Amino acid sequence: MKKDGLDIWIDGNPGKSIITPEQITRRCLKERILELEKTRDEIMYELDRLYSLVDGMKI
């Protein structure tokens, strides 16, 4: 099938992002760090609860 009109224009004008690849990487890393911090906080909360239960059993 022969390309014409819009197909030719799209092939000749690749899309450009307003955000640089470096900014995208930083944003992804920041989001991942936030996810990991949230997971850490949840684990610490559960660990504290476990310690409370264990302390209660010793008495």
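Residues numbered from 1 in each chain as written. Predicted model: local features only at pLDDT ≥ 70, side-chain atom pairs only at ≥ 80, totals over all residues. Heavy atoms only, no water.

(A) Structural context of the overall build of the protein chain. The helix and strand tally for the protein chain stands at two helices and zero strands. Counting all 59 residues of the protein chain, 0% fall into the buried class. When the accessible surface of the protein chain is summed, it comes to about 6,100 Å², and 62% of that surface belongs to carbon and sulfur atoms. (Helix = DSSP H or I, 4+ residues; strand = E, 2+ residues; numbered from the N terminus. Buried < 20%, exposed > 50% of the residue type's maximum accessible area, 1.4 Å probe, protein only. Areas by Shrake-Rupley, 256 points an atom, 1.4 Å probe, with all protein chains shown as cover.)

(B) The arrangement of the pattern of salt bridges in detail. Enumeration according to the criterion identifies four salt bridges in this entry. For aspartate 41, the salt bridge goes to arginine 40, with nearest N and O atoms at 3.3 Å. Judged by relative accessible area, which is 44%, aspartate 41 ranks as partly exposed. On the accessibility criterion, arginine 40 (46% relative accessible area) is partly exposed. (Salt bridge = Lys/Arg side-chain N within 4 Å of Asp/Glu carboxyl O.)

(C) Looking closely at a nonpolar patch on the surface. On the surface, a cluster of nonpolar side chains totalling about 350 Å² of accessible area is made up of Leu6, Trp9 and Ile10. Relative to the helices and strands, isoleucine 10 resides in helix α1 (residues 6–12). (Patch = residues over 30% accessible without salt bridge, like charges linked within 9 Å, V, L, I, M, F, W, Y side chains within 5 Å.)

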